[in-house]
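Each chain, letter by letter, is given below.
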Amino acid sequence: MAESETVLEHHFRDLQQQREVSELGMWIFLMTEVLLFGVLFTSYTVFRHSYPAGFAAGSRDMETTIGAVNTAVLLISSFFIALSVYGAQTGGRKKLLWGLAIGALLGVVFMILKGVEYYDHYQHREVPGILFDYAKPNAHGVEIFFYLYFVMTGIHAIHLTIGICIVVVILVAAYRGRYSPLYHNPVEIVGLYWHFVDIVWIFLFPLLYLIDLKR
Amino acid sequence: MSAIKMISNVSARRYRSNFATRLLLSVVTVFICATFSYSQPAPDKAALIRSAHIDQHLNQQVPLNLVFRDEQGHKVHLQDYFNGKPVILSLVYYQCPMLCTVVLNAMTESMSDLRFDIGKEFNVITVSFDPNEGPALAADKKELYVRRYGRAGAASGWHFLTGEESQIKQLAEAVGFNYAYDPSTGQYAHASGIMVLTPDGRLARYFYGIKYPPSDLRLGLVEASAGKIGSPVDQILLLCYHYDAATGKYTPIAIGFMRLGGAITLVGLVGFIVVMWRHDVKKKALTHSIVPLFLIPQLIPETASTEAHKVDIFFYLMVLVCGFVAVGVITLIIIFAVKYRRKSEDQLAIAAPQSMPLEITWIVIPLFIFIGMFVWGTDLYFSLARPPQNAIEVYVVGKQWMWKFQHPEGQREINQLHVPLGRPIKLTMASQDVIHDLYVPAFRIHTDVVPGRYTTTWFQATKPGTYHLFCSQYCGTLHSGMIGEVIVMQPDDYLRWLNQGGEGSLASQGQKLFRQLGCNACHTGDAEARCPSLIGLYGRTVYLQSGNTIIADDDYIRESIMDPQAKIVAGFQPIMPTFRDQLDQEQVLELISYIRSLGAQRQEVPPVSAPTGPQPAPVQGAIQQSESKGGK
Amino acid sequence: MSSEVIADAKPPEVTVNYLNEKYGLKSWLLTTDHKRIGVLYMISITLMFFIGGFFAVLMRLELLTPQGDLVTAQTYNKLFTMHGVIMVWFFLIPSIPAVLGNFVLPLMIGAQDVAFPKLNLLSWYIYVVGSLFTFYVVVSGGVDTGWTFYTPFSTAGSNTHVIATTCGIFIIGFSTIISGMNFIVTVHKMRAPGLTWFRLPLFVWSLYATSVIMVLATPVLAVTLLLLAVERTFHVGIFDPALGGDPLLFQHFFWFYSHPAVYIMILPGMGVVSELIPTFARRKVFGYNFVAFATFGIAFVGFLVWGHHMFVAGESLYAAMTFSFLSYLVAIPSAIKVFNWTATLYKGSISYDTPMLYALGFIGLFTIGGLTGLFLAALGLDVHVHDTYFVIAHFHYIMVGGMVMAYFGGIHYWWPKISGRMYPEGWAKLAALIVFLGFNLTFFPQFILGYLGMPRRYYAYAPEFQVLNVMSSAGASILGVGYLLPLIYLLWSAKYGKKAEANPWKATGLEWQTSSPPPKENFAVTPIVTEPPYNYPTLENPLKESEQPGKQSLEEVPVG
């Protein structure tokens, strides 16, 4: 119990309570996130209904290949994060460290690819509010499509960036041997968070990239 | 009505011992009764009081020494039947082919719905006013109706009498029942109705027609008995229901409510509301309900449109119902707080059990009241939202911080709207910049004016005068300065006003604009044209490229001008440029008005094939082919 | 548990408690003790309350005359906007949860602290940062969009500090979310042994329901305001029709948050009243289960009624109909509560201590506020009174007459626990009376003004409205005095007041079983709960002193 004394915060009765608390807290936080993205998805639905042609046209200008690769990258990263949680639970130090490291790395890859895409859109003058020039019909719809694209993927990217930072922090702590099968809440809740960010992308990808594939 | 019965049954039987329960329950009961009886349809009495009529001799003594014969042929005095109970009296004749049977049936039906039993709480006397009828006929009838009524003991309480002409005449005169023999048909012409008499033979209540709502009948009996029968809830009901002599019904009245609640004052609320309600029987449409009117003019807004009256009636009813609840709750709190105050430091409370039925009562009853309010409010809203077909259309443009009005005849005004009395006016509104809201308190209309779409509202003024027009959606610095007035004029004056010049009708201004912008270069009205024909477009179903259809209304036309790519008509190319930056809202409205004047076609036109033949266009030469060198 | 041990539930003369355990600014600014955080919140919220109140006073002064000659139109617009923003987000929403909830909730459920003490402190700092933004806005010239930020005026029309204001609200949103999360987890996981859900005090129930709303609704506002700020900055977006957007969508999003937010404000108030009434009537709450479930009924249905703010905004007839119906539905649970409170008084042993006066005032005023809500839910009537002073009066009856009354009641009720001192009863009663009278004089005339047709947010108005406006302004000045009095005597009593016992009201509830003020760890030993809530002795069943709720259970189980 010597170890548990150091990690048990003063106001909890035992580690069990502490773990349950942190997990429930994370789930509730994820609930708020659902509502946050809910607003964006609702806006998307409303305007896709108003400007079907504009949205289709906007979607045609997406780099579907990069999007698909990014989807794969995130899914694989989720696998490694899950692996690290498993490692933390069972005391597999290698799994824990490598899982976190590769997960974070793939997150970074995703961000780089996203950056490439953003730059590409900038080159094509498709960034509403900053540089937007669209000569073809349905300019309004396309503009709103790109606006929502940047807002949605942007907020997603912010979430992922935060996720990467936390994973790195956890990685350092794990390297220093902070976690054990007895105490590894931080790994578990960062795992939850990571999967959530992943799931959001799973929704974003088809809605933004795949709505009009007949070219 | 069964709701009332149910509630009072429940209250009377189940919670007899519990003071709080009872009080609360009676409070809610009253609301529900009030709500329901307000929504009763008015009876069609015109048909009923055609041949003869009943004069009310309220509170007069009926001679109880009159002599009749009972079903067995024995001589009886009327007073034999007045033994400390109220009496329902009906005058019929037994061979009557029609109305009397209906009266007896309705009586039986109503009485079957009462908690009171014939013979126990009250007696019934049915007297034939045909002197030629005898006890045998009476006995038949008695057997029939006693069986139909179906409760034990009725035979000893319901008496079917016959008698001599002199006696009948005296009785009929005393109660004000007029009838006449019609030799041509061999029938009597007479009114239908029944009376409730007090135990000592005075006329307490009349009920007209062929329907006697059980609740009214019950209240009549309770009142006639001077409180000897019925539950305390009935007494409270009587306080709140008022017998309306004109219709022979019990109607809930404000006075009753206020008397009950007013005794205990809520600081403020009653101070203002108690300012007297007035019984307004003059209003024909409202004979059956009561229009309470504030006497202090400062407390009510002007009422100057057809809908305003309806809103007011609803509002006052809501004030009554809600005021009653508020006063009730606050009264209870005060009573409890005083009655159960802590008298010594260690005084303990008295344990009182939880009560499931009570909880359910105060869930279910408000629910019903709320549904009533919801239905009424929604009904009102729908009538406020749907302008009549024949309305004059006035276009309104709101911009920071002024109102612009365009009459169909071409008149334009700023911050003033002239309208004729007694004609429905439909306002179609657009905003140039931010959201505004057109609000005319005297008409009780209130609609947001939203940029990017048209909203509508309507009114029909009932009183000439000048009324406030407010912007009530906050719209920036001078929001409170975005006010104007609506001037309601006599139709003649309005015509005179209209003829004071102007720039030609709105449609003709639109036509001018249509040409100026070169719209006619493409919208030629030809089958081969690059753009769809606009003739007969307004109100038609349009087939779109996307496969959807849309009705060509103001909003659609506006969108097609401002954002032409949004909805492409099937069979056409998206070649039209936007006019977003060239037109202001007023000009768009002119164009719409012009397109509208090109005729609304009923038939749906199949896609692509634009109508070919020449259409009667009210504005001559509007759509003729133009040689102009292509519009923008 | 490490250092000090509180030996006895009955404290000796000088005890170590959360207030004197450590001194110095740093010990306060870095504290993770929920009680100290509650006090920090109390100080900051009081400040915001008086700033918001000051704006209200200026507004009422301006409205004394119809032509508007005290301030300019633009200033007036800024006044009501700042009044709304500060009162809604910086006072009403955090007040009871963050002050009383933070202080009392862990005590009520026998916990040592909330689930996430550090996040709790963080939420206060976020609150402070949000307030700083608001101060900045106030100092640098204000904002004039109205607290509702309707587009396109807020994105394209106004040239004031819209973005700074929305930033402040965006930031404080996180404070709300964190508090909500913290409370939900605390109630779920930190309850003392034996404290089952149906033994929870009703205040805990309502804080729980409130927290659910906070957690679910606030992110919607956050994103909406974010989109608004983006749209205003980059002139691209989805709310301005000139950009191809839809202004009604903004209203939908805004009210999807702001209507439930109304319940964030009132539910904790109802919770406080549900504590006060049984305590001062010495009687179990009538229909405990119904009151508890009504709380959740309100929280749930409250999410489905936002459209009733848009009856005249051009929403479809059938949408309006649905929202109207649901609005009536949400009135049912409120009615249940009022009836149950009233029934709780029946056959009680009622004392008129100040908190009880506030509670009784609450029921009366809330009833009026709620009933006038029925007027607004009725479609046909709403058309007339929408955006008039009728609406203003309605929500001030709920918010000021309801929520603020409950807050003051709660502050007085728990003041002995918070400060360890009794407030001066005479002054407190006087203040309660002044507040009640001043409030009614201020807001009742506004119902009539509304029905007469005076639109809200008017800087100058038609002369026929003046009499009622003067009455209202007169009431406001009385109300102002009523609010200043408690500030003075409570501050005074914190130093000079009579020392409070552990349980001055002889109330049930775990918070009264520990000393006043409580030690840092709240309880010397973890309490074990064996009884239903509000288990007051009655005439039929008078408990002996030793059997009084919770007493002996305190000493049974040592901590960890």
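Residues numbered from 1 in each chain as written. Chains lettered and ligands numbered in written order. Predicted model: local features only at pLDDT ≥ 70, side-chain atom pairs only at ≥ 80, totals over all residues.

**Some words on the overall build of chain C**
Counting its regular elements, chain C contains 15 helices and 0 strands. Dimensions of chain C, computed from the C-alpha atoms along their principal axes, are close to 70 × 50 × 45 Å. Counting the 560 residues in chain C, one finds 69% classified as buried. Within chain C, contacts between residues at least 6 apart in sequence are counted, and of these 84% link residues at least 24 apart. (Helix = DSSP H or I, 4+ residues; strand = E, 2+ residues; numbered from the N terminus. Buried ≥ 20, exposed ≤ 12 C-beta atoms within 10 Å, placed from the backbone. Contact = placed C-beta atoms within 7 Å.)

**Regarding the interface of chain C and chain B**
The interface of chain C with chain B comprises 80 residues on the first partner and 73 residues on the second. Looking at the side of chain C that touches chain B, the element that brings in the most residues is helix H10 (residues 317-345) of chain C, giving 15 residues. For the side of chain C that touches chain B, the class distribution of residues is 51 nonpolar, 22 polar and 7 charged. (Nonpolar A, V, L, I, M, F, W, Y, C, P; charged D, E, K, R; others polar.)

**Things to note about the interface of chain A and chain C**
By a widely used convention, the size of an interface equals the accessible area lost when the partners come together. Counting residues at the interface gives 27 residues for chain A, matched by 32 residues for chain C. At 16 residues, the largest contribution of residues to the side of chain A that touches chain C is made by helix H2 (residues 15-50) of chain A. Grouping the constituent residues of the side of chain A that touches chain C by class yields 16 nonpolar, 8 polar and 3 charged.

**Looking at the packing of H10(C) against helix H11 (residues 354-377) of chain C**
Residue and element names in this part refer to chain C. The interhelical angle for the contact between H10 and H11, taken along N-to-C directions, is 160°, at an axis separation of 10 Å. One finds that H10 runs roughly antiparallel with respect to H11. Relative to H11, H10 is oriented so that their crossing is left-handed. Here Ser324, Ser327, Tyr328, Ala331, Ser334, Val338, Trp341 and Thr342 of H10 lie close against H11, whose contacting residues are Ile363, Phe366, Thr367, Gly370, Gly373, Leu374 and Ala377. By residue class, the composition of the contact of H10 with H11 is 8 nonpolar, 7 polar and no charged. (Axes fitted to C-alpha atoms, helices over the stretch in contact; angles between N-to-C directions. Parallel < 35°, antiparallel > 145°, perpendicular 65-115°, else oblique. Left-handed = near helix turned anticlockwise from the far one by under 90°.)

**Side note on the sheet that holds strand S3 (residues 87-92) of chain B**
Residues and elements named next belong to chain B. Strand order across the open sheet formed by 5 strands is S5-S4-S3-S8-S9, with mixed pairing between neighbours. Each having just a single partner strand, strand S5 (158-161) and strand S9 (203-208) make up the two edges of the open sheet. Averaged over all pairs of adjacent strands, the angle between strand axes in this sheet comes to 20°, irrespective of strand direction. In this structure, S3 lies alongside strand S8 (residues 193-197), joined through 4 bridges in antiparallel fashion. Note that in S8 the partner of Val87 across the bridge is Leu197. Where helix H4 (residues 135-149) meets the sheet, its contacts fall on strand S4 (123-128) and S5, and the angle it forms with S5 comes to roughly 155°. Relative to the sheet, helix H6 (residues 214-224) contacts S8 and S9, its axis offset from that of S9 by approximately 170°. (Pairing = 2+ DSSP bridges.)

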